[in-house]
Structure formats: structure tokens, C-alpha cells
Amino acid sequence: MMERIDKINTRFLNINYKIKKTLGIFGFIIPALLVLFLIFIFPLVNSFWLSFHRWNLITPPRFVGIKNYLMIFSDPVFWTSMKNTSIFSVVSFCIEITLAFFIAQLLNHKEVKGKAIWHAIFILPMMLTPVVLSSMWRAYLNREFGIANFLLTSIHLQAHAWTMESKTAIWTLIFVEVWHKTSFFILVISAGIVSLPKDVFEAVEIDGARYWQKTRMITIPMLTPVFRVAGLFQMIELIRIFDKVYILTEGGPGRSTSTLSFIIFERSFHGWQMGWGAAMSYLLIFITMIVAVFLIRGVKTEVMR
Amino acid sequence: MKLKTTLMILFAVISIFCYGGGQKEGKGPTAITIAVNVGPEADAHHRLANEFERQFPQYAIIVDGIARSVHSTKMATLLSAGSDIHDVMIFSTAHFPLWYAGGWIEPLDNYMNSKDLFNTSNYDLNDFPEAILNIFRRKGNLFALPQEASAYLLFYRKDILNQYGIDEPPKIGWSWKQYISSAQKIQKGLENDGITDMYATVFAGRKNRNIAQYVLQNVWANGGELLDEKLKPQLTSPHAIEALKEYTDQLHVHKITPPGVIGYAYSELLTTLQQGLAALGLQWNAAAATLLDPEKSPKTAGKMGFSVIPYFDSKGPNQLRVYPSIWGVGISSFGKHKEAAFRYVVWFTSKEIARDYVTHGGGSSGRSSLLNDPQIVSENPQYPALLESMKYYHSLPDIPEWTFILEDILTSNWNSALVGDVTPKQAMETANEAILKLLEEAGYY
Amino acid sequence: MIEIHKSKHFNKTTRSIVMHFLLTLFALFTITPIFWMLISSLKTPAEVFELPPKMYFKPTFHNYEVLLGLKVGEEFEGVKESDYRRVKSKFPIYFLNTILISISSSLLAVGIGSLAAYGLARFSFKGRSSILTGILLTKVIPPIAILIPMYTIIRRLHLLDTRLSLIITYLTFNLPFVVWTMRSFFLELPLELEDSALIDGCSRLRALFRIILPLAAPGLVASMIFCVVLSWNEFLYAIVLTGDRARTLAPTIAGFLTDKAILWGRLFAGGSIVVLPVVLFAFIIHKKLASGLTFGAVKG
């Protein structure tokens, strides 16, 4: 009899414990989830529903099934923008992360003086309002009265209409993007380097490791989680690039810098085809998710720790 | 612990202060809110608001200036949701087809028939050229009163024309051939004189609506049309292709323009003329104000002349057509103070206030009496040419898809042709195809 | 054992010089465009685009005076003194709005986000990866796609043209980044860290505050900076959701790109003013970052 009561008691305590444990865990997570869910659930559902309709703001939405999606795949403008966005994202990403990695390492080297000042300088571009910085570069890159061409011609290099020639336009965008966002990576990687345990480095240095060995064997692997997350978010931003395109090139010349976000904007707010815009947005979400999953394939291993 | 609590208290305090804003309803003057594109259009409303409040103390004016790049997006977002925030709206020919189709603008005729709201003789509706009023008329109803009417003009440096022995254009303007040959003469002259940074002419080539607007004028002047009565695109006609080719030839064949025109919009055109880097220019009349101001443009003040844009020789000066860029003031269908809004609309576009608008650099207002006024003309020598241009305003397609056709299809294809990626013929064919597809999917055929 | 390091071509001084040189090069690359913008903001409209550019010129503070509301812009010349109130620049108010909105939404994002990140880093449970993926999904949504539904929500809540509307919006935009970033920082810290405290009877929350957060401070700082920068510079939603009262700086600056002219002077001046507080903020916070936190806690 006592045994049975004991058993019931322990089971009850177990359940109680489990509930407490779950609440404990979820207590941490619930606020964030609540905020995101409440704000985003309506727009997400609304957008998804809209992507199967035709809506131009003035007549009620008309159901068209998957026609929007089919239209997108058969539209050459879509494929051009896929190409543009891919080139832009991949190239910018590689340049940014490589440049930032070396600079962050330099910055945190023990022999470098004035760390705080260097940091403050290097993170400046990231702080600028995108509208301001795009307009600024638009002025500098002007063919006739921009300062960039002036400096180039004074050292006998060829002047170009950087943002408007089909060969140079996308590279100009990449240039401005790198100028702008390398600072983001510098910040994050620097924070990561600072958190690395010094004793591991010391031990390895005593054994006579050189710079490249240290970097390859220790720094990069230990910073990988930082790279992954920062890289993931920057990649998402790169795929979604809009502000700079709008101000610097307006998707031109022709369509050589029209990116995915840009054509969504054009169709939605110049063409008033909200259904097409919603479908394209979901496609963009889908593409971005694939890239994201690809980038963080290592997440499962992280979770195991 | 202390740090944590102080932070939390600080944060809570900040949050309380952050509620801020929102509309205040209550006693006092009725608020009339005006939605307007930031820039010279809005400035006049800011400037004159106090004057209105003085004349009509029962009203208070709130001017909501919206940045140009998002103006169309924001207004469409608001109006499609039936927002009643704004009473008065300032919009252009670019917005009108959609807003009208959506029923977002209130027709003015009922209010105009009311004697105590509208004084017909004082206002003098006939002072506005019919062409302008018709832009905002649908099925006999008027939906806006004009605030400003603009047009592309041919800008020229009188001193440079003089220097190379070229006569100024006559009232009907130059023909395109005359324009090109004058430009070539100037270009040769500049080269002979060793001037390398100045070019004969400059025009808009950037991938934005400017190039589409201008080339469209060429298409019309050459006897072509964008859409026929059945809304089928007509861009593959030889007239249209030739019109585009003449435009791009300026850069590629005649080489009379700075190579950077492929990236030029209004702002760069203005700077080019302002810095004395071009002798001729195909530019909006609004630039004249800056170029005539000795403080702002010391290099060009007193030397600028203005004429109607070039017509095409094959069709003659009467076939000239000008792109209608007109800003009108109208009433929101959702606003709560429509009568008050109407009063404002009428007041702002009345003779006295329009005069104030024009004399303070607001633009041309559209009233022919003002554009003929000797005192105003003496300070604004571009107005006679502008008045002449207004005779040739051509109507635009009355479909909401028009914005996309202009800003996207025509713009990107014609810019491609200018940049040299495709020939004018290919550009026209691609554009034609795209318009056909667009209107077909929209259900017009 | 003494190893002869053949690789040590450079002695300490050469290495130091090279490093500092490289840093200076990149610093110039970074700062010259911004410096040029600052200089241009002190020039008259005619001087801004003159080539060759004047290096010696008389600086004028006219642009700043107009922005700060001390003077009235040229387009309002001749306006009566009594009407100044209406046409004066409201830049200082918008500045204040921007500061309030950025800091509040960032504090909230970092607070709520770190909490969630801790839960997702330390505990394993069913559905963890789906929650993580879900959070990522909200980050991936293109802002333009949900503009109209978001506007409808804010309108229904009667929050149009209020600072709160933007605080909420930016909170949701920033949360995913904070969660993912802080999670990766938390994962770096060994599990044993809290064990000693938990055994002593500390609650999870307390352990988080006392032990984990100080060690993850660089991550907190980076997240905070990122959140502030995003809220400070966000433009699309700021324009659509706010009007005259709660407007922030980004829409104000976008307003200088008008149809008829780009008001370069004010744009540059505005850009210069806008960037200063953010830099100051980062500089101050960064002192903490650069002070170098080690893993001393584990050893003793």
C-alpha cells in the first residue's frame, strides 16, 4: 500500500518536475516567439494567400492559382535578376569576409596601438544611412563631375560612367557594398577574436607555430560559428539588396543590375501587380532559405555540444 | 544588481515617452491635412499655409511632405486601405490613372456648382488651357485643379550660339535636323578652340522615367503612337524606331554629348548646364530658375535662352507633342473634411495665390494670364517657351498599368538602346512584346 | 630546447610598421569618402561639384544652420518672421525621435533575444531546430513584401505616426539576428560554467545574468550596435508608418532627393550629423569590447 502511494507520489513529482522544467525552458524563449508570431503571422499568411491571386489595389483580388509562379519562371527578366543577384551576392560576400578577416586579425594583434580608434574608424561605413551613402557615391562616381574620375584621370587611368555602363555597373555596386559592409564583418569577427581563449594560442606559439598554421588550425575553426552566423545574415541581406540599387543604378543600365528585390518593388509599386509581387517574395524567401540552410549545414553538429 | 535595476528603470521611462504622436482630436480649428511630394511643390504649401489660416481662421493646415522616392508607394498603401489621414492630395499625371480608377479622388463638380464655395468669375477656370484641364477630366467630371504645369524645353547658351554664328531658335523652335546641325557646328567649334570639357548638348539618358518621357515626345512628333485605340502597342512602327534612333544617335553617331549622359537624370543635367559644360540641353523648365540665379549659377546667369523642343522635319512643327507633367490639387474620397479641403484647393490655385506661387519659384502654375504677365516674364524668360509648349500637351493612356509601362518597360529598353547593348529596333521590339504581354495578362484584350 | 625560427624574417619593428601601414591604407580607403562628404557639406552649392576641387575655400555653415532650424532654407526666403515656425526645419525633433526609437527597440531586442538565445543554446528539446528555422524565416522575409499588411496592422492598432509603431517594427526586424548571434556566443561557452552556480542553488536566470552574460559581452555589444544601426537607418517603414510627428532621420534625408533637385548640401550635412552619434555610441561601447575578456572564469 505504502509502495503504491509512493509510486503515485513520485510520478506526480515527476510530472510536476517536467512541467516546471518545460516552463523554465520556454520561459526564456516565449517572449521572443510571441513578438515574432503576433506581428508576422498575419502578413505572412496574407502574402501567401495573395500570391495565388491577381490584385492591382483597385479591384478585389482575383484567384488565379499558380499562374503567378508560372509567369515568373517564364519571364526573362526574372532569370536576369537571378543572375545579377547571384553574382552580386557571392562576389561581395567573398571579398567582404576575406578582407574583414585580415583586418580584424591586424586590429587585435597585440603590437597594434590605438585599437579603439582603429575600430571606430573601420566601423564608420556601416553606420552611415544607406540613403546617404548611396547618394554620396552617386555624386562621387559621376562621369563628368565626380571626384572619382577626377582622381583616376590625374593618374592617367581611364574615366568611366561607373554606374551606367553595362560592363562596370554591377562591379560598382559590389565596390560600394564592400566599402559599406566590410565594417560589419570586422566588428563581428573582432568580437569573436577577442573572445578566443588566449591559452590555446600561447601553447601553440611555444611549440613554434607560424602565422598561417595558427590561422588555419586554430583561428578559423574556432571562429567558424561566428563566421557562420554573421555570414548567414549578411548573405541574406545581400540577396535582398535594394537601397543601393535604387539610388545608384535604378536597376540599369537596361537590366544589368536589376536584383530580385528590385523587380519585386517595380512590379508591386509601379506595375501594381501585388499578386505577382507576393509570389515573387515567397520565391525569394524560398531561395534565401535554401542558401541559408546550405550555409549552416553545420548547425546540427553545433547542437550536439 | 544595481546596474540591472537602473537599466530597467531607464528603459521603462524611455518606453513611456515613446508612445508619442498620434492625431489629436478636439476643439479648435478643423485640421486639413495635405499630402504632397517633398520638394518645390511642398515648399509652396508650407510657405502659404499661414496665409490660408489667416484668411480662414476656422482651419489649421498640416502639410505632410512625403519623400519623392516613396510618395507613390506610400499614398497607394494608404489609399488602398481607405485611410482618412489626408484631406487634400497633390498628385501628378503619373498617379492619376490609378487613383482615379480606385475611386480615391473626389470629383470637384458638385462643389464647384455651390455658389458659396466657388466664385466662378473670380476664379476664372478658362485661364487654364483646355489641354491642362482635360488631363484631370474623366466622363465630364473634373478631379483636380492644376498647381503646376511643366514641360521639357530646349535650353541654350545665347553667348555660345553667338560665338559660333548660330541664330537663336524661332518661336516654333528648331527642327530636329536644325538642332543636330547646330550642335555639330558648336561641337566642332569647341574642338577647334581646344575646349575639351564642354560639349554641344546634353540630355537625360539614365535608366529612369526621364528618358522614356523624352523619347515618347519624339515618337509622337514623328507621327508614331504608343498605343492604338484598342490599346495595342505600336512601337514597332518605323516612326517609333526612327524617333528612338535619332535620340541615341546624338551619343553614338554625332558624338555631341558627354559620354556620361547614360547616367544623367534631371539633377546631373542641371549641374552640367550650371557648370558650363554644355551649350544646349533638353531639360525640364524648372531648371531655369537655378540657371538664371547669379548666386547659384554664376557661369550661366543672364546667358540662358529657352525654346520649344525640336520637332521632326518629316511631320513639321504642328506635329510636335509635349509630355504633360502636371501636378494637380484634389480631394481625397476618404477625407473627413471635404468642403474644407475644397476651399483650400480653390484658394491655392486661385489667381492671387498662384501668382505668389509663381513669383516665389514655385513653377508655372498653368495659368496663361500669369505666363503672359510682363513682370513675371521679365524675371522668368523661360515662360513664353513654356506657354507655347503647353499647346502641344499630348494625352497619356488612361490605364493603371501605364506607370509600369513608363517606369519599367520603356525606361529599361530605351536605356539599353542608348547604352548600346541593343539596337533601337531591337529595343522597340522587346518593349512592344512586353507591353503586349502585360496588357494581355491584365485582361484588356 | 631552443628552436631557430627560420620564418622570422621580420623583426618586431618591421612587422609593426607593416601592420600599421596596412591599417592606415584601409583606414584611408574607409574614411576619405566620408571626410569628403563632411567637407562638401561646408561648401556652397556652386562649389560642391567644381573640378578641380577647391581645397582652400571659405567654409560655410549654412547647411547646418538650415538643418538645425537656426535659419530658413533658401526656398523660403522672404517668409514673414511670424511664419518661421512652420517652415523651419524640424530636424532636431526627428533626431530625438530616432534616438529614442533606436535605443528602445535595440534594448528590447537584445534583452528578449538574448533570453531566447540562452534557452535555445543550453536546453535541448524536441522542436528546437524547427523553432530556430522559424526564427530564421522571419528574418528572410523581404520588408517590401509585407509592407501593406504591416501598415494595416499598425493602423488597426491606432498606432500610426507614433514612435511605438516603429519600436515594435524594428524589434521584430532585429530579434532574429540577436537570437542567432547570441546563441552562437553562448554555444562557445562550456556547459560546466553554470554547473557550479546551479549546484549552489542558483536559478537559471540568475546564472545567466551573473556568469554567462559578462562573458558573452562582446556578442551583446556587437548585437546592440547592429540593432541600433538598423533602426537608425531604416527607411521604408519609417516613411510609410510615420508622418510629421514620429518621423525619423532616414526619411528626412530621403526627402532631400527631390524630383527637381538633389539638395546635396543638406544631404551631406544631414549625413554627417546622422553618423556622429552612432559613431560616438560605438566608440564608447567598444572600449568594453577592446578591454579583452578572457576565460578566466573557468580556471579560477
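Residues numbered from 1 in each chain as written. Chains lettered and ligands numbered in written order. Predicted model: local features only at pLDDT ≥ 70, side-chain atom pairs only at ≥ 80, totals over all residues.

With that settled, consider the overall build of chain B. The helix and strand inventory of chain B stands at 20 helices and twelve strands. Radius of gyration (C-alpha) of chain B: 24 Å, near the 22 Å computed for a compact globule of 445 residues. With the principal axes as the frame, chain B shows a C-alpha extent of 75 × 65 × 55 Å. Within chain B, the proportion of its 445 residues that are buried is 53%. (Helix = DSSP H or I, 4+ residues; strand = E, 2+ residues; numbered from the N terminus. Rg over C-alpha atoms; globule rule 2.2 N^0.38 Å. Buried ≥ 20, exposed ≤ 12 C-beta atoms within 10 Å, placed from the backbone.)

As a further point, take the confidence of the model for chain B. All names here are of chain B. Averaged over all residues, the pLDDT of chain B equals 89, while 94% of them reach at least 70. Per-element mean pLDDT across chain B ranges from 59 in helix α1 (residues 2–17) up to 96 in strand β8 (residues 152–157). Below a pLDDT of 50 lies the segment residues 20–26, which in the model reaches eleven contacts outside its immediate sequence neighbourhood of four places, other chains included. (pLDDT = per-residue confidence, 0-100. Contact = placed C-beta atoms within 7 Å.)

A word on the domain arrangement of chain C. Residue and element names in this part refer to chain C. By domain assignment, chain C separates into domain 1 (12–78) and domain 2 (88–299). Taking the mean C-alpha position of each, domain 1 and domain 2 sit 29 Å from one another. Domain 1 puts 13 residues into the contact, and the matching count from domain 2 is 13 residues. Among the secondary structure elements, those contributing two or more residues to the side of domain 1 that touches domain 2 are α1 (12–40), α2 (45–48) and α3 (62–67). At four residues, the largest contribution of residues to the side of domain 1 that touches domain 2 is made by α3. (Domains from an automatic or database assignment.)

Next up on the list: helix α3 (residues 68–80) of chain B. Residues and elements named next belong to chain B. Here α3 is 13 residues long and its end C-alpha atoms lie 19 Å apart, about the 18 Å a rise of 1.5 Å per residue gives. Within α3, twelve of the 13 residues are buried, leaving the element largely enclosed by the surrounding structure. The set of residues buried in α3 consists of Ser 69, Val 70, His 71, Ser 72, Thr 73, Lys 74, Met 75, Ala 76, Thr 77, Leu 78, Leu 79 and Ser 80. Looking one or two residues beyond α3, the residue adopting positive phi is Gly 82, at roughly 70 degrees. (Expected span 1.5 Å × (residues − 1).)

A few words on the domain arrangement of chain B. Residue and element names in this part refer to chain B. Split into domains, chain B comes out as domain 1 (30–150 + 324–390) and domain 2 (152–323 + 399–441). Computed over C-alpha atoms, the centres of domain 1 and domain 2 are 29 Å apart. Between domain 1 and domain 2, the contact holds 16 residues from the first and 16 residues from the second. For the side of domain 1 that touches domain 2, the elements supplying multiple residues, two or more each, are α4 (96–101) and α18 (383–390). Sort the elements by how many residues they give to the side of domain 1 that touches domain 2 and α18 lands first, with four residues.

Okay, the packing of helix α11 (residues 238–252) of chain B against helix α20 (residues 424–441) of chain B next. Residues and elements named next belong to chain B. Packing of α11 against α20 leaves a shortest axis separation of 9 Å and a crossing angle of 130 degrees. Comparing their axes, α20 and α11 come out oblique. Between α11 and α20 lies a crossing whose hand is right-handed. Between α11 and α20, the contacting residues are Ala 240, Ile 241, Leu 244, Lys 245 and Thr 248 on the first element and Pro 424, Lys 425, Ala 427 and Met 428 on the second. (Axes fitted to C-alpha atoms, helices over the stretch in contact; angles between N-to-C directions. Parallel < 35°, antiparallel > 145°, perpendicular 65-115°, else oblique. Left-handed = near helix turned anticlockwise from the far one by under 90°.)

So, on to the nonpolar core. In this structure, A:Ile189, B:Leu153, B:Val215, B:Leu244, B:Val345 and C:Val179 are the most contacted members of the largest nonpolar core, which totals 302 residues. In terms of residue count, the dominant contributor to this core is helix α5 (residues 91–122) of chain C (16 residues). Excluding residues within four positions of it along the chain, B:Val215 makes contact with B:Ala243, B:Leu244, B:Tyr247 and B:Trp414. (Core = buried A, V, L, I, M, F, W, Y, C linked by C-beta atoms within 7 Å.)

It is worth spelling out the interface of chain C and chain A at this point. Chain C puts 85 residues into the contact, and the matching count from chain A is 73 residues. Secondary-structure elements contributing two or more residues to the side of chain C that touches chain A are α1, α5, α6 (128–140), α7 (147–156), α8 (163–188), α11 (217–233), α13 (249–254) and α14 (264–290) of chain C. If one sorts the elements of the side of chain C that touches chain A by residue count, α14(C) sits on top with 13 residues. Residue classes in the side of chain C that touches chain A are distributed as 64 nonpolar, 16 polar and five charged. (Nonpolar A, V, L, I, M, F, W, Y, C, P; charged D, E, K, R; others polar.)

Next up on the list: the pairing of strand β3 (residues 88–92) of chain B. All names here are of chain B. Within β3, five of the five residues are buried, leaving the element largely enclosed by the surrounding structure. Of the two faces of β3, the one holding Val 88, Ile 90 and Ser 92 and the one holding Met 89 and Phe 91 are both buried throughout. Direction of pairing for strand β1 (residues 30–37) relative to β3: parallel, over a ladder of two bridges. Each bridged residue has a counterpart across the sheet, and for Ile 34 the counterpart in β3 is Val 88. When β3 meets strand β12 (residues 325–332), the two strands line up antiparallel, connected through five bridges. Looking across to β12, one finds that Ser 92 is bridged to Trp 327. (Pairing = 2+ DSSP bridges.)

On the side of chain C, 42 residues touch chain B, which itself brings 42 residues to the contact. No other element matches the six residues that helix α2 (residues 40–55) of chain B contributes to the side of chain B that touches chain C. Considering only residue class, the side of chain B that touches chain C consists of 17 nonpolar, 18 polar and seven charged.

Turning our eyes to something else, we now look at the sheet that holds strand β11 (residues 304–307) of chain B. Residue and element names in this part refer to chain B. The four strands are arranged β9-β10-β8-β11 in an open sheet whose pairing can be described as mixed. Either end of the sheet is taken by a strand with one partner, and the two such strands are β9 (199–202) and β11. Sheet twist, expressed as the average angle between the axes of neighbouring strands with direction ignored, equals 20 degrees. Against the sheet, helix α12 (residues 266–274) contacts β8, β9 and β10 (278–284), and its axis sits at roughly 150 degrees relative to β10.

Residue and element names in this part refer to chain C. Of all residues in chain C, 90% attain a pLDDT of 70 or more, and the chain-wide mean is 79. Taken element by element, chain C is modelled with least confidence in helix α15 (residues 296–299), mean pLDDT 27, and with most confidence in α5, mean pLDDT 89. Throughout residues 1–7 the model reports pLDDT below 50, and contacts reaching past four residues in sequence, or to other chains, amount to three contacts. Confidence drops under a pLDDT of 50 for residues 290–300, and excluding neighbours within four residues, the segment shows 16 contacts in the predicted structure. Interface confidence for the predicted complex, expressed as ipTM, amounts to 0.79; the pTM equals 0.84.

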